[in-house]
Amino acid sequence: EGPLSRTGAEAGGTDLLVARGADWAYLVDDSPPPSDWTALSFPGIWPRGPGQLGFDEGDEGTLIGFGGDSGNKNISTWFRHVFPVTDTAAQGELLLRLLRDDGAVVHLNGVEVVRSNLDPLAGPEEFASVAVSGDAEDFFYEFKLPASLLEEGDNVLAVEIHQATAGSSDLSFDLELVRERYSGGVLGNDSD
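## Topic: the sheet that holds strand S4 (residues 48-50)
Phase 1 of the analysis: If you walk across this open sheet you meet the six strands as S4-S3-S7-S12-S9-S10, and the pairing is antiparallel. Of all strands in the sheet, those bounded by a partner on one side alone are S4 and strand S10 (111-116). Sheet twist, expressed as the average angle between the axes of neighbouring strands with direction ignored, equals 25 degrees.
Phase 2 of the analysis: Bridge count between strand S7 (residues 76-85) and strand S12 (residues 153-162): ten bridges; the pairing is antiparallel. In the sheet register, Arg80 faces S12, and the bridge partner there is Ala158.

Here it is, written out as structure tokens:
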């Protein structure tokens, strides 16, 4: 499938659904949370803090731990953010911008929507494909998603960040989600 595009549609504005630097609940643990951690109804009470979240880069809004010792850090760290949405009937698409060091899996309302720098079958306790370094540590990767993934009322983003090695020197995470509205026309697929 190719990216979504507008056909006969006029721009109808944008909605910033989740801003960079938003507050996220996070879990630093050496084992994964329960399987329902990506669901809106998940009752977990985790610490909270603003993005960027991570350690050892010097630009964190929230400094988090890494578990274990410096030579044997946790492979994954988990993040959740609940945000409201109104007018889900509006045509459009979502633009998700993801800062991840090293790899990430993003779920929206319990559905996996992005897998970045991870093997397609990697589980929560598997390493990212490659280590991120240099300018890539500050890069926001962009992904287009259908706005039909949103639900009226509260929605939840659930993100797991994976290290590339147990001795990885740092971790960074932040995310932005924007809805681009269209005032008319049809949202189509570029690959026909």
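## Side note on unusual backbone geometry
Phase 1 of the analysis: Cis geometry is found at the peptide bond from Gly51 to Gln52, where omega equals -10 degrees.
Phase 2 of the analysis: Along the chain, Asp101 connects to Asp102 via a cis peptide bond; the corresponding omega equals 20 degrees.
Phase 3 of the analysis: Assignment of secondary structure puts Asp102 in the loop between strand S8 (91-101) and strand S9 (103-108).
Phase 4 of the analysis: Positioned with a positive phi, Asn109 is a non-glycine residue whose angle comes to about 50 degrees.

## With respect to the pattern of salt bridges
Phase 1 of the analysis: Overall, the coordinates contain eight salt bridges when judged by the stated rule.
Phase 2 of the analysis: For Arg181, the salt bridge is made with Asp15, and the minimal N-O distance between the two is 2.4 Å. Here the residue Arg181 occupies a position in strand S13 (residues 171-182), and Asp15 occupies one in strand S2 (residues 11-18), the gap between them amounting to 166 residues.
Phase 3 of the analysis: The partner of Glu93 in a salt bridge is Lys144, with the nearest N and O atoms 3.2 Å apart. Placement of Glu93 in strand S8 and of Lys144 in strand S11 (residues 140-146) is noted, with a sequence separation of 51 residues between them.
Phase 4 of the analysis: Judged by relative accessible area, which is 2%, Glu93 ranks as buried.
Phase 5 of the analysis: Overlapping salt bridges, with partners in common, bring together Asp15, Asp87, Arg179 and Arg181 in one network.

## Describing the packing of aromatic side chains
Phase 1 of the analysis: Counted under the stated rule, the structure contains four aromatic pairs.
Phase 2 of the analysis: Through a chain of ring-to-ring contacts, the aromatic side chains of Trp24, Phe79 and Phe173 assemble into a single cluster.
Phase 3 of the analysis: We note Arg20 situated over the ring of Phe140; from NZ or CZ to the ring centre the distance is 3.7 Å.
Phase 4 of the analysis: Residue placement shows Arg100 over the ring face of Tyr141; its charged tip is 4.1 Å from the ring centre.

## Examining the nonpolar core
Grouped burial of nonpolar side chains is what soluble globular proteins tend to show.
Phase 1 of the analysis: Among the nonpolar cores identified, the biggest contains 28 residues, and Trp24, Phe79, Leu157 and Leu175 are the most heavily contacted of them.
Phase 2 of the analysis: Listing elements by their share of this core, those giving two or more residues are S2, strand S3 (23-27), strand S5 (53-55), S7, S8, S9, S12 and S13.
Phase 3 of the analysis: Looking at which element gives the most residues to this core, the answer is S13, with four residues.
Phase 4 of the analysis: Not counting residues up to four positions away in its chain, the partners in contact with Leu157 are Val18, Trp24, Phe79, Arg80, His81, Phe83, Leu96, Val106, His107, Leu108, Leu175 and Leu177.
Phase 5 of the analysis: Counting seven residues, the second-largest nonpolar core is a separate cluster that includes Ala25, Leu27, Trp37 and Trp78.

## Looking at the side chain of His162
Phase 1 of the analysis: Tracing the backbone through its elements, the reader meets His162 in strand S12.
Phase 2 of the analysis: At 3.3 Å, the side chain of His162 and the side chain of Ser76 are in polar contact.
Phase 3 of the analysis: Only 2.7 Å separates the side chain of His162 from the side chain of Glu160, close enough to count as a polar contact.
Phase 4 of the analysis: If we skip the residues at most four places from it in the chain, His162 touches Ile75, Ser76, Asp101, Asp102, Gly103, Val105, Leu118, Gly123, Pro124, Glu126 and Ala128.

## Concerning a negative patch on the surface
Phase 1 of the analysis: Where like charges cluster on the molecular surface, the negative patch consists of Asp29, Asp30, Asp119, Glu125 and Glu126.
Phase 2 of the analysis: Here Asp119 is to be found in the loop between S10 and S11.

## Points about the pairing of S3
On any regular strand, side chains alternate: one points to one face of the sheet, the next to the other face.
Phase 1 of the analysis: Among the five residues in S3, four count as buried, and that is most of the element.
Phase 2 of the analysis: Here three bridges tie S3 to S4, and the two strands are oriented antiparallel to one another. Note that in S4 the partner of Asp23 across the bridge is Pro50.
Phase 3 of the analysis: Here S3 pairs with S7 via three bridges, running antiparallel. Counterpart to Tyr26 in the pairing with S7 is Phe79.

The rules behind the values
All residue numbers here refer to positions counted from 1 along the written sequence of the relevant chain. Only residues with pLDDT of at least 70 get local features here, since the model is predicted, and only at 80 or more are side-chain atom pairs given and counted; chain-wide, interface and lining totals rely on the full set of residues. Note: side-chain values were computed over all heavy atoms of the structure, leaving out hydrogens and water. We call two strands paired when DSSP finds no fewer than two bridges between them. Each helix corresponds to a stretch of at least 4 residues labelled H or I by DSSP, and each strand to a stretch of at least 2 residues labelled E; elements are numbered beginning at the N terminus. Only the stretch in contact is used when a helix axis is fitted, and all axes are lines through C-alpha atoms; the angle between N-to-C directions ranges over 0 to 180 degrees. Whenever a carboxyl oxygen of Asp or Glu lies within 4 Å of a side-chain nitrogen of Lys or Arg, that contact is scored as a salt bridge. Classification of residues uses two cut-offs on accessible area relative to the type maximum, computed with a 1.4 Å probe and protein chains only: under 20% is buried, over 50% is exposed, and between them is partly exposed. Between rings of Phe, Tyr and Trp, where Trp is taken as its six-membered ring, a pair exists when centres lie within 6.5 Å; planes separated by under 30 degrees are stacked, by over 60 edge-to-face, and by other angles tilted. Only Lys NZ and Arg CZ are tested; either one counts as a charge over a ring when it is within 6 Å of the ring centre and within 35 degrees of the ring normal. Residues belong to a common nonpolar core when they are buried Ala, Val, Leu, Ile, Met, Phe, Trp, Tyr or Cys residues joined through side-chain atoms within 4.5 Å. Whether two residues are in contact is decided by their heavy atoms: any pair within 4.5 Å suffices. Polar contact is the term for a pair of N or O atoms within 3.5 Å; when the atoms are in protein, one must be able to donate a hydrogen and the other to accept it, and sequence-neighboring residues count only if both atoms are side-chain atoms. Only residues whose relative accessible area exceeds 30% and that form no salt bridge enter a patch; like-charged residues are grouped when within 9 Å of one another, and nonpolar side chains (Val, Leu, Ile, Met, Phe, Trp, Tyr) when within 5 Å. Under the convention used here, a 1.4 Å probe and the Shrake-Rupley method define accessible areas, while residue burial counts only the protein chains that appear. For the purpose of charge, His is not counted, nor are the chain termini; Lys and Arg are scored as positive and Asp and Glu as negative. Where a charge lies is defined by one atom per residue type: Lys uses NZ, Arg uses CZ, Asp uses CG and Glu uses CD.

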